[in-house]
Amino acid sequence: MASCRNATVRVAILEIVSAMAGQLADDLTKEMKKKKRVWVRPWIERRMLLGASQNLVNELRMEDPLDFKNLFRMSASQFEELLVKVAPKIQKQDTMMRIAISPAIRLQVVLRYLATGDSFKSLEFLYRVPKCSISCFLLETLDAIYEVLQEYIKAPKSTEEWRSVMNDFAIKWNFPGCIGALDGKHILIRNPPDGGSDYYNYKGSYSIILLGLVDANYCFIYIDVGAQGRISDGGLFQESLLLQYLELDVLKNPPDIEDIDTGEILYGYWRQVTSATERLEMHGSNNYSREAAGIRNGYADYFMTSGAVPWQMDAIKF
């Protein structure tokens, strides 16, 4: 009886071992059939040889400065100046596994993204930089750009600085008493979770607003970024720090223009004339009316004929 029982146990053990061996063989076969994974795709590894940074960008820099500016929205000298400033903040160390993406390529990818809004996949094909890498260094590079360029966006803080802005507008644009040109720009976004209609603008898209004040030389002297797209430019200005500072004289606002001989305040003749736009009534939509279009075209004809100044056509770039 005992010998039969031992024989049964041996058979069971052999069957179990055989089944385990078969399963192990199947697993090994599957592993061998799996496609071999690579650390970096071969065409990505040829970035330094065939990527846009080493070919197209260099060609444009040497042969076509205008298209170089169109590519990055800045000249080659401006690009190099910005690169010198941001490179120490975005430089990464090479490792034994791979060579780090250079600061120049990082900056080129980010500037092209800002200029066009291209998808990461499109930029991947152009620069041979994986889109996962782009998503990692994009915000880091943007933060570095913001940090090094803060000194270039400063609102005037003295009466003399405001007078300088006013003089530039008077001389370059024949617009006395102007301390800046203010406008808003909608930056398209995906509607945030639970955003509802807060970011839905009159153009039928979702956006945040960039409110900018520039001087007579197109240089920003104040920016306000991040307001919800549904807010109008006027509403945003009413809530901005700029208006608060101007009303509280924190920025040392320039005084009214005076006649240096009589001391009389000069408000400008155009302010004393009843403007044709005062006859316009509020409409239910943001689309301009035919009457408004006629007034606009009338002004356009005037400034291109009898109201033209000698230098204006030289300032227009086609």
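A brief structural summary. (Residues numbered from 1 in each chain as written. Predicted model: local features only at pLDDT ≥ 70, side-chain atom pairs only at ≥ 80, totals over all residues. Heavy atoms only, no water.)

Turning our eyes to something else, we now look at the state of the cysteines. In the structure shown here, the tally under the stated rule is zero disulfides. Of the cysteine sulfurs around Cys132, a residue in no disulfide, the closest is that of Cys136, at 6.4 Å. (Disulfide = S-S within 2.5 Å.)

Tallying each qualifying case throughout the model produces eight aromatic pairs. Between Tyr113 and Phe120, the ring centres sit 5.6 Å apart and the planes meet at 55°, which makes this aromatic pair tilted. Between the aromatic rings of Tyr200 and Tyr206, the centroid separation amounts to 5.4 Å while the plane-to-plane angle is 65°, which identifies the pairing as edge-to-face. Taken together through their ring pairs, the aromatic side chains of Phe68, Phe72 and Phe79 make up a single cluster. (Phe/Tyr/Trp six-rings, centres within 6.5 Å; stacked < 30°, edge-to-face > 60°.)

When two helices pack together, their arrangement is given by the angle between the helix axes and the distance between those axes. Relative orientation of the contacting elements helix H7 (residues 103-116) and helix H8 (residues 120-127) amounts to 135°, with a least axis distance of 11 Å. With respect to each other, H7 and H8 are oriented oblique. Relative to H8, the crossing made by H7 is right-handed. Counting all contacts with H7, which are made through Gln108, Val109, Arg112 and Tyr113, the residues of H8 involved are Phe120, Leu123 and Tyr127. (Axes fitted to C-alpha atoms, helices over the stretch in contact; angles between N-to-C directions. Helix = DSSP H or I, 4+ residues; strand = E, 2+ residues; numbered from the N terminus. Parallel < 35°, antiparallel > 145°, perpendicular 65-115°, else oblique. Left-handed = near helix turned anticlockwise from the far one by under 90°. Contact = heavy atoms within 4.5 Å.)

Right, let's get into the nonpolar core. Core analysis: the biggest nonpolar cluster contains 28 residues, and Phe72, Val86, Leu107 and Tyr127 have the highest contact counts within it. Elements with a contribution of two residues or more to this core: helix H4 (56-63), helix H5 (65-72), helix H6 (76-90), H7, H8 and helix H9 (131-149). Those residues in contact with Val86, other than ones at most four positions away along the chain, are Leu107, Ala144, Ile145 and Val148. (Core = buried A, V, L, I, M, F, W, Y, C linked by side-chain atoms within 4.5 Å. Buried < 20%, exposed > 50% of the residue type's maximum accessible area, 1.4 Å probe, protein only.)

In total, this model carries seven salt bridges according to the counting rule given. Between Glu147 and Lys89 there is a salt bridge whose closest N-O contact spans 3.1 Å. Highlighted residues: Glu147 in helix H9 and Lys89 in helix H6, separated in sequence by 58 residues. For Lys89, a relative accessible area of 38% gives the class partly exposed. Between Asp198 and Arg230 there is a salt bridge; the shortest N-O distance is 3.5 Å. Here the residue Asp198 occupies a position in the loop between strand E1 (181-188) and strand E2 (207-214), and Arg230 occupies one in the loop between strand E3 (220-228) and helix H11 (233-238), the gap between them amounting to 32 residues. The exposure class assigned to Asp198 is partly exposed, which follows from its relative accessible area of 29%. Shared partners join several salt bridges into a network, and the residues in it are Arg41, Lys121 and Glu124. (Salt bridge = Lys/Arg side-chain N within 4 Å of Asp/Glu carboxyl O.)

Moving on to the sheet that holds E3. With respect to topology, three strands assemble into an open sheet ordered E1-E2-E3, the strand pairing being antiparallel. The sheet is open, and its two borders are formed by E1 and E3, each paired with just one other strand. Strand-to-strand twist in this sheet, taken as the mean axis angle between neighbours without regard to direction, amounts to 20°. Pairing between E2 and E3: seven bridges, direction antiparallel. Bridge assignment links Leu211 to a residue of E3, and that residue is Asp224. (Pairing = 2+ DSSP bridges.)

This brings us to a nonpolar patch on the surface. Among the surface-exposed residues, Tyr152, Ile153, Phe220, Ile223 and Val225 lie close enough to one another that they form a single nonpolar patch of about 430 Å² accessible area. Residue placement: Ile223 occurs in strand E3. Exposure remark for Ile223: the relative accessible area of 31% places this residue in the partly exposed category. (Patch = residues over 30% accessible without salt bridge, like charges linked within 9 Å, V, L, I, M, F, W, Y side chains within 5 Å. Areas by Shrake-Rupley, 256 points an atom, 1.4 Å probe, with all protein chains shown as cover.)

Remember that the coordinates give geometry; whether it matters functionally is a separate question.
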